There are 2 protein chains.
Amino acid sequence: MAEILKGKVVADKIKEEITRDVEDLKKNGINPTLGIVRLGKNPDDIFYERSIIKNCNSVGISTSIVEEDESITTEKLVEIIERLNKDDFISGILVFRPLPKHIDEEVIRNVISPKKDIDCMNPINLEKIFEGDMTGFAPCTPKAAVEILLHNNVSLEGKNVVIINRSMVVGKPLAMMLLEENATVTICHSRTKDLHKVTSNADIVMTALGRPKYFDKKYFKEESIVIDIGISEDENGKISGDIDFEDVKDYVKMITPVPNGVGSITTSILLKQTVNACK
Amino acid sequence: MAEILKGKVVADKIKEEITRDVEDLKKNGINPTLGIVRLGKNPDDIFYERSIIKNCNSVGISTSIVEEDESITTEKLVEIIERLNKDDFISGILVFRPLPKHIDEEVIRNVISPKKDIDCMNPINLEKIFEGDMTGFAPCTPKAAVEILLHNNVSLEGKNVVIINRSMVVGKPLAMMLLEENATVTICHSRTKDLHKVTSNADIVMTALGRPKYFDKKYFKEESIVIDIGISEDENGKISGDIDFEDVKDYVKMITPVPNGVGSITTSILLKQTVNACK
């Protein structure tokens, strides 16, 4: 029976730290505030926004929501972000993505102040991650995936870690974070041949493929540690990870569930980075 | 008997392209010029500088050398680079590294114009590499290592490529270039456990460890393609790669020698990027 690594324990611990930090900041007259920019009324965005506000409230971080119509121009959105950049009351800025197609995301990424860029959109912050400088802001999902391992005392030094994803929001920054922990890192993707051979030789497999229940236990060994970063809907419309959890959970050493795994930690990372932006 | 992949053939082909491009540019009144900034009189630097000038001459690129004492301040060096940034006659800028210890390299990297940054020092250009955007400037050594494979019609799609190096000048950008070619990429380093197992499972091994003759044929299989990016001196003071060439060359499928392998291509990449900066 695998050890099930739940996200909530890690998230709670991070939130405890945040609560203490926020108290200290408030004693010094600083009120950490997260500025959220949402375009349109996409139900997923609104759901995510509510969850963030609730989480912010629970740790004492204020929120300031800028809602605009999704027909907004790039120029107008730049103005809004520049206003938030200059606003001393705003500690960190989160712009909901994906942006509408007519918006020039490259412009938006560059305009957000690197010092308030808690979601790590700005190339300057991403380049720091590439260099292995982890003192700044990191993309929240890969950071959450690393945190769940470290929190559970999984040493990464010299471990063979296989990542299945090569995007800028998960796979590539995750690889850089793992290299900083001295793991040997393999990056796989849709063109990888014999994925089975690659995963079954790994100590740790971290997957963000986005195909529900894709990996059954044949892909792993008994000592495998499996971190599931995939989120998709299965054939019944139920949220599922990349791993066939029921098949794998009695076989491997450790596994994260979906939901209630890595995804439960990302918002805490976002809040932690909002507080760090304040410091 | 392995196929020996020599660098000169590739370098000559790139230089042919450059010569044609330079002729076209000159017809339009543009005279590509490489600005070199050298601090002090380190013999290696002077040797490298002479080699670059000779290569530039051979393809019709002009050079402009700025030599300063190695005691120069960061502020003064910034001024020099800013002058080169603004100088319309300078197409590309190469600042010899390593810089003296008292110079703030972070400042220098950021001050060099991304449009003239042919050695890919500026974080903006490095971040493009991280994203897989290969339209700009690339670090020359990893680019040369990829070119030698492509020139020899080695398909990288779906291949398991192992890189032994995790630096910002070789391993990390190389990994990003290989991902763009749809290879499955493993990044190894000093903390990697059982390197033998990792390399002997790979289709292609690319090493920049800097330990002379470290890898004998036990690290490979008969189908291995071995790209040696390491340069160091062996016990007799002779230039050597990471590979025990004499031991390995009759065993694997393809191998690059050191010297006369990857290193013979890097200057051509630098010149190619100088011309691209002009365009």
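Conventions used here
- Residues numbered from 1 in each chain as written.
- Chains lettered and ligands numbered in written order.
- Predicted model: local features only at pLDDT ≥ 70, side-chain atom pairs only at ≥ 80, totals over all residues.
- Heavy atoms only, no water.
- UniProt positions renumbered as here; feature names shortened; annotations may be inferred.
- Least-squares fit on C-alpha atoms with pLDDT ≥ 70 in both.
- Contact = heavy atoms within 4.5 Å.
- Domains from an automatic or database assignment.
- Helix = DSSP H or I, 4+ residues; strand = E, 2+ residues; numbered from the N terminus.
- Buried area = accessible area lost by both parts, 1.4 Å probe.
- Salt bridge = Lys/Arg side-chain N within 4 Å of Asp/Glu carboxyl O.
- Nonpolar A, V, L, I, M, F, W, Y, C, P; charged D, E, K, R; others polar.
- Axes fitted to C-alpha atoms, helices over the stretch in contact; angles between N-to-C directions.
- Left-handed = near helix turned anticlockwise from the far one by under 90°.

Within an unreviewed UniProt entry, the label attached to chain A reads Bifunctional protein FolD, and the organism entered is Wansuia hejianensis. Under the UniProt heading Function (unreviewed entry), the entry covering chain A gives this text: "Catalyzes the oxidation of 5,10-methylenetetrahydrofolate to 5,10-methenyltetrahydrofolate and then the hydrolysis of 5,10-methenyltetrahydrofolate to 10-formyltetrahydrofolate." Entered under Sequence similarities (unreviewed entry) in the UniProt record, the comment concerning chain A runs "Belongs to the tetrahydrofolate dehydrogenase/cyclohydrolase family."

Undergrad: Whenever I open this one, the relation of the copies chain A and chain B confuses me. Can you help?
TA: One copy of the chain maps onto the second through a rotation around an axis plus a translation along that axis. The operation relating chain A to chain B is a screw motion whose rotation component is 180°, with 0.0 Å of axial translation and a residual RMSD of 0.0 Å. The transformation just described matches what one would write down for a two-fold rotation axis. Considering only C-alpha atoms, the part of chain A nearest the rotation axis is Thr186 of chain A, at 2.0 Å. With an isologous cut-off of 70% or more, the 100% of interface residues of chain A that recur at the interface of chain B puts this contact in the isologous class.

Undergrad: Would you mind going over the domain arrangement of chain A with me for this structure?
TA: Interface size is commonly expressed as the accessible area that is lost once the parts come together. One can read the domain layout of chain A as domain 1 (27-113) and domain 2 (140-263). The distance between the C-alpha centroids of domain 1 of chain A and domain 2 of chain A comes to 30 Å.

Undergrad: How should I be thinking about the environment of Val154 of chain A in this particular structure?
TA: Looking at where Val154 of chain A falls in the secondary structure, it is placed in the loop between helix 6 (140-151) and strand 5 (160-164). Those residues in contact with Val154 of chain A, other than ones at most four positions away along the chain, are Leu149, Ile204, Ile225 and Met254 of chain A.

Undergrad: Honestly, the UniProt feature "domain: Tetrahydrofolate dehydrogenase/cyclohydrolase NAD(P)-binding" (unreviewed entry) in chain A in this entry has me stumped. Any pointers?
TA: The residues that UniProt annotates with the feature "domain: Tetrahydrofolate dehydrogenase/cyclohydrolase NAD(P)-binding" (unreviewed entry) are residues 139-278 of chain A. The distance separating the terminal C-alpha atoms of residues 139-278 of chain A is 18 Å; by composition the span is 34% helix and 17% strand.

Undergrad: Mind showing me how you'd approach the interface of chain A and chain B here?
TA: Facing the 31 residues of chain A at the interface are 31 residues of chain B. It is Phe130, Lys172 and Leu179 of chain A that lose the most area in chain A upon contact with chain B, and together they represent 23% of the buried surface on that side. Our count for the chain A to chain B interface comes out at six salt bridges. Its salt-bridge partner being Arg109 of chain B, residue Glu131 of chain A comes within 2.6 Å of it at the nearest N-O pair. When the residues that make up the side of chain A that touches chain B are grouped by side-chain class, the tally is 12 nonpolar, nine polar and 10 charged.

Undergrad: Whenever I open this one, the packing of helix 6 (residues 140-151) of chain B against helix 7 (residues 171-180) of chain B confuses me. Can you help?
TA: If you want to describe how two helices pack, look at the angle between their axes and the distance between the axes. Residues and elements named next belong to chain B. Close contact between helix 6 and helix 7 brings their axes to 8 Å; oriented N to C, the two are set at 35°. In the crossing of helix 6 with helix 7, the sense of the turn from one axis to the other is right-handed. From helix 6, Pro142, Lys143, Ala145 and Val146 reach across to helix 7, where they touch Pro173, Leu174, Met177 and Leu178. Here the residues of the contact of helix 6 with helix 7 sort into seven nonpolar, no polar and one charged.

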